[in-house]
Amino acid sequence: QVQLVESGGGLVQPGGSLRLSCAASGSIFRSVNMGWYRQAPGKQRELVADISSGGDTSYAASVKGRFTISRDDAENTVYLRMNSLRYEDTAVYYCNRSPNAWPSWGQGTQVTVAS
């Protein structure tokens, strides 16, 4: 069973930046597509970015041009660089396989955008 540990969240002002990290256990990591998801209060979890095992990326329209997903297969880690953060980016961010997420999720990392 893959274990996922997200980190790097925090409180940031609008326009600021953060880089999130997700460490995954298991050798399966490098052969699967990975995604960053987020869940804001009162809303459903949504996929905001994903990256294929070959490095191809895709983004939700709401974050395109501001967020960058990357991966380091040697470290079993996937990253999310977030620039030009907005109030509406406030959420708990999770990583998981994309699009068919594994049933077990990590604890997530809280991102709060506030002035």
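Quick note: structure is the one above.
These notes cover the structure that comes with them.

Basis of the calculations
Residues numbered from 1 in each chain as written. Predicted model: local features only at pLDDT ≥ 70, side-chain atom pairs only at ≥ 80, totals over all residues. Heavy atoms only, no water. Buried < 20%, exposed > 50% of the residue type's maximum accessible area, 1.4 Å probe, protein only. Helix = DSSP H or I, 4+ residues; strand = E, 2+ residues; numbered from the N terminus. Pairing = 2+ DSSP bridges. Axes fitted to C-alpha atoms, helices over the stretch in contact; angles between N-to-C directions. Core = buried A, V, L, I, M, F, W, Y, C linked by side-chain atoms within 4.5 Å. Contact = heavy atoms within 4.5 Å. Salt bridge = Lys/Arg side-chain N within 4 Å of Asp/Glu carboxyl O.

Burial of strand S8 (residues 77-82) is extensive: 5 of the 6 residues sit out of reach of the surface. Direction of pairing for strand S3 (residues 18-24) relative to S8: antiparallel, over a ladder of 6 bridges. Considered in S8, the bridge of Leu20 is made with Leu80. Of the strand pairs in this sheet, strand S7 (residues 67-72) and S8 are connected by 6 bridges, and their pairing is antiparallel. The residue of S8 that forms the bridge with Thr68 is Arg81.

Attention now moves to the sheet that holds S7. Pairing in this open sheet of 4 strands is antiparallel, and the strands run S1-S3-S8-S7 from one edge to the other. Every other strand in the sheet has two partners, leaving strand S1 (4-7) and S7 as the edge strands with one partner each. Looking at each pair of strands side by side, their axes are set apart by 15° on average, direction ignored.

What tends to happen in soluble globular proteins is that the nonpolar side chains get buried as a cluster. With 29 residues, the main nonpolar core has Leu4, Met34, Trp36, Val78, Leu80, Met82 and Tyr93 as its most contacted residues. Secondary-structure elements contributing two or more residues to this core are S3, strand S4 (34-39), strand S5 (46-51), S7, S8, strand S9 (91-97) and strand S10 (109-113). With 4 residues, the top contributor of residues to this core is S3. Setting aside chain neighbours within four positions, we find Leu80 in contact with Leu18, Arg19, Leu20, Trp36, Val48, Ala49, Phe67, Thr68, Ile69 and Tyr93.

One can find Gln3 in the segment before S1. Residue classification places Gln3 among the exposed positions, given a relative accessible area of 56%. Separated by 38 residues in sequence, Gln3 and Pro41 place their C-alpha atoms 24 Å apart. Aside from chain neighbours lying at most four places away, what touches Gln3 is Ala23, Ala24 and Ser25.

What follows concerns the pattern of salt bridges. Following the criterion strictly, the structure yields 4 salt bridges and no others. For Arg38, the salt bridge goes to Glu46, with nearest N and O atoms at 2.8 Å. Among the residues examined, Arg38 registers a relative accessible area of 5% and is labelled buried. For Arg38, the salt bridge identified is with Asp89, shortest N-O distance 2.9 Å. Here Asp89 lies in the loop between S8 and S9 and Arg38 lies in strand S4, a separation of 51 residues in the sequence. Residue Arg38 shares its accessibility class with Asp89, and that shared class is buried. Beyond isolated ion pairs, a larger network of salt bridges with shared partners links Arg38, Glu46, Arg66 and Asp89.

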